[in-house]
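Inside the fold
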Amino acid sequence: MSLTRVCAVGDVASGEAHPVSVDGVDVAVVRDGDDWYAISDECSHAAIPLSEGDVEGCEIECWLHGSRFDLRTGKPTGLPATEPVPTYPVTVDGDDVLVDVAAPLNT
């Protein structure tokens, strides 16, 4: 596993998405209470940053057309998107949030 520090825990409020770039891959880091997720920061429907959308529980919604994605699997849960987006392993180590973009969870 090739984990890279992407931000501090305090940089991400619960229910928010925080955009980061890891080795040239744009990722939205999302916190839902004590749960953490890392998902591609690009909607598969319209190439819009998902980090600019709303987060509710385990879903993120694209602000442009309303596509929704499951943060755990990357699968679309609401149209118009029909293609999943990559999700990545995320680990919290003390105050550091680490993501591994070399090992997508859903490929």
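Below you will find a few notes about this structure. Since we're looking at a predicted model, the values are computed, not measured.

**Quick notes on the sheet that holds strand β4 (residues 35-40)**
- Ordered by their spatial adjacency, 4 strands build an open sheet running β2-β3-β4-β9, and the pairing between neighbours is antiparallel. In this open sheet, the two strands that pair with only one neighbour each are β2 (16-22) and β9 (87-88).
- Two strands pair when backbone bridges link them, and strand β3 (residues 25-32) and β4 are joined in this way by 6 bridges, in the antiparallel orientation. Considered in β4, the bridge of Val29 is made with Ala38.

**A few points about the nonpolar core**
- Counting residues in hydrophobic clusters, the biggest one holds 15 residues, and the most contacted among them are Val30, Ile39, Leu50, Ile60, Phe69 and Leu71.
- Listing elements by their share of this core, those giving two or more residues are β3 and β4.
- In terms of nonpolar packing, the next biggest core, distinct from the first, is built from 14 residues, Val6, Val27, Trp36 and Tyr88 among them.

**With respect to the pairing of β4**
- Summarising burial for β4: 5 of the 6 residues are buried, a large majority.
- Remark: 2 residues form the turn of the hairpin made by β3 and β4, two consecutive strands paired antiparallel; Gly33 in that turn has positive phi of roughly 65°.
- Two strands pair when backbone bridges link them, and β4 and β9 are joined in this way by 2 bridges, in the antiparallel orientation. Within β9, the residue paired with Ile39 across the bridge is Thr87.

Here is what the cut-offs are and how they apply
- Counting starts from 1 at the beginning of each chain's written sequence and moves along it residue by residue.
- The predicted origin of the model limits local features to residues at a pLDDT of at least 70 and limits the giving and counting of side-chain atom pairs to 80 or more, whereas totals for whole chains, interfaces and linings rest on all residues.
- Each side-chain value is derived from all of the structure's non-hydrogen atoms; neither hydrogens nor water enter the calculation.
- Any two strands with at least two DSSP-identified bridges between them are counted as paired.
- Each helix is a run of H or I in the DSSP string that is no shorter than four residues. Each strand is a run of E no shorter than two, and both are numbered from the N terminus.
- Among buried residues, those of type Ala, Val, Leu, Ile, Met, Phe, Trp, Tyr and Cys that are joined through side-chain atoms within 4.5 Å constitute a nonpolar core.
- Each residue is placed in one exposure class: buried if its accessible area under a 1.4 Å probe, protein chains only, is under 20% of its type's maximum, exposed if it is over 50%, and partly exposed if it falls in between.

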